[in-house]
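Coordinates in review
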Amino acid sequence: MDLSKIAVSINKAINTQEVAVKEKHARTCILGTHHEKGAHTFWAAVNRLPLSSNAVLCWKFCHVFHKLLRDGHPNVIKDSMRNKADLADMSRMWGHLSEGYGKLCSIYLKLLITKMEFHIKNPRFPGNLQMSNRQLDEAGENDVNNFFQLTVEMFDYLECELNLFLGVFNSLDMSRSVSVTAAGQCRLAPLIQVILDCSHLYDYTVKLLFKLHSCLPADTLQGHRDRFQEQFKKLKSLFYRSSNLQYFKRLIQIPQLPENPPNFLRASALSEHISPVVVIPAESSSPESEHVVETEDLVDTDVPSLPAPSEVKFDDLFGTSAAIDPFNFNSQNGMRKDKDRLIEQLTREIQALKEELESFRLESGRLCQALRGRVNELEAELAEQSHLRLQAAGESEFLKAELDDLRRAREDTEKEQRSLTEIERKAQANEQRYTKLKEKYTELVQSHAELLRKNAEVTRQMTVARAAQDEVEAVRREMQEKVKSAHEAADRQEREQVKQLQELQRELVSTQTELDYLKTTMASSQQSSSEVLGTQLVALESEKAELVQTLSKVEAELAVQGEELQRVQSSLATERESGVKTAEALQNQLNEKESREQALESQLVAARWSSLQGAVEEAERIIQDSLAQIDDPAHISCTSSADYLVSRCQASLDSVERLQSAREAFLADNTAVLELVRVVTQCGHLVGDTIVQGSATSHMVPVEQADALSESVKTCGSEALALLGQMKQRDALAAADGSKLRASLEAILTTAEKLHPRGLELQQGELGDLVEQEMAATSAAVESAAARIEEMLNKSRAVDTGIKMEVNERILASCTELMQAIKELILSSKDLQRDIVESGRGAASMKEFYAKNSRWTEGLISASKAVGWGATVMVDAADMVVQGKGKFEELMVCSHEIAASTAQLVAASKVKADKDSANLHRLQQASRGVTQATATVVASTKSGKSQIEDTETMDFSSMTLTQIKRQEMDAQVLVLELETRLQKERERLGELRKKHYELAGVAEGWGEEEEGTG
């Protein structure tokens, strides 16, 4: 097929006319993809079209592209994936329009992108989605997870199809017959492809959901069922509305979905499911002939052409044109041969049809057998479901009983959840506080950068202003020089003119004098020489006229020179005024720049100081919050280790050093505020963390050390606040000294280093001797305790009488039994340890064995110490109880502690022992004896306490009503206080036990030894 013809058909199919795409052009495009085995020509032609500027053009492109994805060559999907980003951008662009083809194009492009992604993820599905049940099972690879994911992707795919369906219907005016108009058919035509896709997607989702319900619990698939119900309602409504449109009635037969969706909880409902089939009637007009003409390019032209079947049958029946001649006998013989050949051909066709019929019968029989097998499978499945229903009924009874237990457990869980919620709330508050601090720090950095940029801008403006000022000064000097030169020229010219005027006046005076003299002379000598005088008079008159004329010329020139002088003076005055104004304006601008620069500099300094103030205040809030946390009762449950406290102290000391360096740098150059702000924030955070961790560590150490550590922590907080308070003041910033804060941190560091477990510092060579010493010391402590109990019993018999003596004897007797049981336990433990060493599990000698198994040995040492200490403390408590100064509760607690210590000793001893060892059985019996003796001590103590308390009667006979009411209120207050204190002490006890167990396990290596022996 010619590629130019394909390009022409593409341009004819995708145009700006609002009419439906012609089927023959779309078929040519589809055949072109099969011819070139891809969509390169299609995309080459489409990329030249203005799809982003014309919505109708884009809509018709989507329609043609949808047809290619369904019916084109399989490589169309792969070739189109490289244009996925352009399609997504185009979809977002058209999505900005809220009506018309723009919104429809956006929805259609999203559908096409989803379709391409689905087929890329699931390459087993063809573009037209036509698959058999076996192929559908193979697509999931018999994995329920694949079926689950495939169902979700089909839901997303179907959702995009339904969105386009609804978008098209919502854009049409259904009150008019839009399906018969060209514009309406342009919008409705792509829905044929959508209907074909929806029918297959609906069928596959139903089958996949039945398969999932057969493998997974119903509750797990509740979301799938809800989503299917929603899509089923939409699809049923859209199919019904589409079937009523006149446009679709002649092009496609739309199936109708059932009234109710399938019941996936009933497996047999799958047999009731009918796959929807979309029927497209065969075209009776020219498109079929066009299809034949266009597909002839795909036919192999090497095969010789045969005559048309109609012509062969006509010639076979009636002969060729030569048979018209009645005298042509050869042609009549040939006609008989043709009839025989036709009979043979028909016989062969009948035989072929019989064979085909037989194959159809065999195939139908096979299908019937397959259906019978399916029926048998469904019956077996039904029986299995019945059995499962009975089994589920039995399990429901059992689950009801479990539900009651779970409800009770839920109540306990809710209490724990509330406490956990409180802890999470505090953690969230700390996280928010840290986030706010981080945001504040970011704002400070941004404001500092902004001020730096402003400073650079001001500096640049100052440079420009200074250059302008220099230029103004140069202009002003030049103007002054010009004015000065003009003044000098004017003065010089004025002096010359005045000098000329004076000379002329002198000449005029001399001439006037001479004239007067001549008149006098003429008058005196008139008589003698009248004629001569007349002549001279005429000459003088003419000379006078000349002089007057010369004087008038000089006066005119002087007037012109005066006017020129006035004009020059006025121009000089004007220039002087403009120069002065310009200089004043430039000077004002310069002053304004300088004032603005000073203001910005002051703002920059203020901003730097405010950023430093903000950082210091935030650091103060962090430290104050840390100090408040150590006083919070909820903080009692928080614990920490000495090692972690040491690391926090080291980091805090380093930050204090950096703080001092940054402070000195800031004092030397106040532009170095960024580093100081960063260091102040970090120092506040680290010191606050050190305070919190120091307080948490104090909860795990003895009382004396805990008090010292708590005092050091509080001192550290006070010194940190004092240092930050000095840094908040400009005058005190230079005098701020962090030596006191450094000293307090070093004190915390020294205390933390002293808290390292000392048992770990022993040399392995001393462990063997230490075990013997500790076991001997424990035996001696137990012997001493037994002797003291016997002595106390004798004293009690000599001093006490009555109930008190009876109680003391019973308590001391039970304590004596407990001591005997402990002695038996220690002897059994020694024998078992001797067996362990001698059995060859380690080294040749006992010391080498203990040294090799140092963790286990340290556990024995710790357990022995605990037993000896517990025995000594119990004897002291019993002595105080017998004397009437102690508390029965102390004796009971000591008994429980001894039981726990002996259990620890037994656990440490049996770690490396053989299970069939006789000494191990003896040790376990001795341990049970200690437990029973402990219970006897506790019981005798409780009994004695109740007997003594019964003797103390309460006499309220002498009290008034007001006194009784007052005492009742005091008792209620005391009860509430004791209950609160009891709750807190229980929480503290639980945390102490938990931390003791963790520290003992880490320090003595019980868990490692158990793992090693296991």
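Quick caveat, the model's predicted, so the values are computed rather than measured. Residue numbers here run from 1 along each chain, matching the order of that chain's written sequence. Whole-chain, interface and lining totals are the exception, using all residues; otherwise, since this is a predicted model, local features are given only for residues with pLDDT of at least 70 and side-chain atom pairs are given and counted only at 80 or more. With hydrogens and water set aside, each side-chain value is computed from the structure's full complement of heavy atoms.

As for the overall build of the chain
Runs of H or I in DSSP of at least four residues are treated as helices and runs of E of at least two as strands, each being numbered from the N terminus. Regarding its fold elements, the chain presents 30 helices and zero strands. When burial is assessed residue by residue, the chain has 35% of its 1014 residues classed as buried. Any pair of residues with heavy atoms lying within 4.5 Å of one another is described as a contacting pair. Of all intrachain contacts in the chain linking residues separated by at least 6 positions in sequence, the fraction that spans at least 24 positions is 80%. Carbon together with sulfur atoms contributes 54% to the accessible area of the chain, which is approximately 59,900 Å² in total. Note on exposure labels: buried denotes an accessible area under 20% of the residue type's maximum, exposed denotes more than 50%, and partly exposed covers the range between, all computed with a 1.4 Å probe on protein chains only. Computed with the Shrake-Rupley method and a 1.4 Å probe, the accessible areas treat only the protein chains shown as cover for residues.

Focus on the side chain of Q660
Tracing the backbone shows Q660 in helix α18 (residues 642-668). Those residues in contact with Q660 that lie beyond four places of it in its chain are A736, D737, G738 and R742.

Focus: unusual backbone geometry
With phi around 55 degrees, E141 is a residue other than glycine that occupies positive phi space. Its place among the elements puts E141 in the loop between α8 (133-140) and α9 (144-171). Note on E141: relative accessible area 52%, which makes it exposed. Backbone geometry at N142 places phi at a positive 55 degrees, although glycine is not the residue there. Within the secondary structure, N142 sits in the loop between α8 and α9.

Description of the environment of L590
For L590, the location among the structural elements is in helix α17 (residues 530-631). Looking at L590, the relative accessible area reads 5%, which means it is buried. Along the primary structure L590 and A468 are separated by 122 residues, whereas in three dimensions their C-alpha atoms are 8.3 Å apart.

Some words on the pattern of salt bridges
One side-chain nitrogen of Lys or Arg within 4 Å of one carboxyl oxygen of Asp or Glu is enough to make a salt bridge. All told, the structure shown has 25 salt bridges when counted by the stated rule. Put simply, E272 and R266 hold a salt bridge, and the shortest N to O gap is 3.3 Å. The salt bridge involving R407 is made with D404; its shortest N-O contact spans 3.8 Å. Taken as a pair, R407 and D404 lie in helix α16 (residues 329-524) at a separation of three residues, close to a single helical turn. Residues joined by salt bridges that share partners form a network here, namely R70, K115 and D197.

What about the side chain of K60?
Its place among the elements puts K60 in helix α4 (residues 55-71). The sign given to each residue is positive for Lys and Arg and negative for Asp and Glu; His and the chain ends receive no count. There is no salt bridge for the buried K60, and the closest opposite charge comes from E18, which lies 9.7 Å off by N-O distance. In this structure the side chain of K60 is engaged in a polar contact, spanning 3.2 Å, whose partner is the backbone oxygen of Q17. Any pair of N or O atoms that falls within 3.5 Å is considered a polar contact. Within protein, one atom must be able to donate a hydrogen and the other to accept it, and sequence-neighbouring residues count only if both atoms are side-chain atoms.

A look at the packing of aromatic side chains
Centres within 6.5 Å are what make two rings of Phe, Tyr or Trp a pair, Trp counting through its six-membered ring; a difference in plane orientation under 30 degrees is then read as stacked, over 60 as edge-to-face, and the rest as tilted. As enumerated under the stated definition, the model contains 18 aromatic pairs in all. On the numbers, 5.5 Å between centres and 65 degrees between planes, the contact of Y247 with F248 is edge-to-face. Summarising the burial analysis for this pair, Y247 and F248 share the class buried. The ring of Y101 has R187 sitting right over it, with the charged end atom 4.4 Å from the ring centre. We call a charge positioned over a ring when the NZ of a Lys or the CZ of an Arg lies within 6 Å of the ring centre and within 35 degrees of the ring normal. One residue, R241, lies across the ring of F169, its end atom 4.7 Å from the ring centre.

What about the nonpolar core?
Soluble globular proteins: nonpolar side chains tend toward being buried together. Counting 92 residues, the largest nonpolar core has I14, F42, F61, F125 and F248 as the members making the most contacts within it. For F61, the contacting residues outside a window of four places in its chain are I14, F42, W43, V46, L51, L87 and L109. Throughout this description, the term nonpolar core refers to a set of buried Ala, Val, Leu, Ile, Met, Phe, Trp, Tyr and Cys residues connected via side-chain atoms within 4.5 Å. In terms of nonpolar packing, the next biggest core, distinct from the first, is built from 43 residues, W609, A615, L724 and A736 among them.

Digging into helix α12 (residues 222-243)
The terminal C-alpha atoms of α12 lie 32 Å apart, and with 22 residues this matches the ideal 32 Å at 1.5 Å per residue to within 8%. Restricting attention to buried positions, one finds in α12 the residues H224, R225, F228, Q231, F232, L235, L238, F239 and S242. Looking down the long axis of α12, one finds its buried residues gathered within 155 degrees of arc, a one-sided arrangement. Along α12, the residues that are exposed and aim more than 90 degrees away from the buried face are K233 and Y240. Turning to α12, the residues buried within the fold contact α9, α11 (191-213) and α13 (246-249). Take the number of residues in a helix, subtract one, and multiply by 1.5 Å to get its expected span. This arc is built from the directions going out from the helix axis to the C-beta atoms.

Some points on the packing of helix α20 (residues 703-727) against helix α22 (residues 739-754)
In this description, a line fitted to the C-alpha atoms serves as the axis of each element, helices being fitted only across the stretch in contact, and the angle between N-to-C directions of two axes falls anywhere from 0 to 180 degrees. Relative to each other, α20 and α22 sit at 160 degrees, their axes nearing to 8 Å. By the angle class used here, α20 and α22 are roughly antiparallel. Between α20 and α22 lies a crossing whose hand is left-handed. On α22, the residues that touch L709, S712, V713, T715, C716, E719, A720 and L723 of α20 are K740, L741, S744, L745, I748 and T751. Each angle receives one of four descriptions, namely roughly parallel if under 35 degrees, roughly antiparallel if over 145, roughly perpendicular if within 65 to 115, and oblique otherwise. Take the far helix as the reference: if the near one is turned anticlockwise from it by less than a right angle, the crossing is left-handed, and if turned clockwise, right-handed.

Digging into the packing of helix α2 (residues 23-36) against α4
Running from N to C, α2 and α4 cross one another at 45 degrees; their axes reach a closest spacing of 10 Å. If you check the angle between α2 and α4, you find them oblique. The handedness of the crossing between α2 and α4 comes out as right-handed. Residues E23, A26, C29, I30, T33 and H34 of α2 lie in contact with α4, whose contacting residues are V64, K67, L68 and D71. Here the nonpolar group is Ala, Val, Leu, Ile, Met, Phe, Trp, Tyr, Cys and Pro; Asp, Glu, Lys and Arg are the charged ones; every other residue, Gly included, is treated as polar. Here the residues of the contact of α2 with α4 are counted per class, giving five nonpolar, two polar and three charged.

What about the confidence of the model for the chain?
When pLDDT is low, close inspection of the predicted coordinates is not appropriate. Per-residue pLDDT for the chain averages 77, and the proportion of residues at 70 or more is 83%. Counted against residues more than four places away or in other chains, residues 283-331, with its pLDDT under 50, gives 31 contacts. One confidence number per residue, pLDDT, is output by the predictor and ranges from 0 to 100. Confidence over residues 758-765 falls short of pLDDT 50; this stretch has nine contacts with residues more than four positions distant or in other chains.

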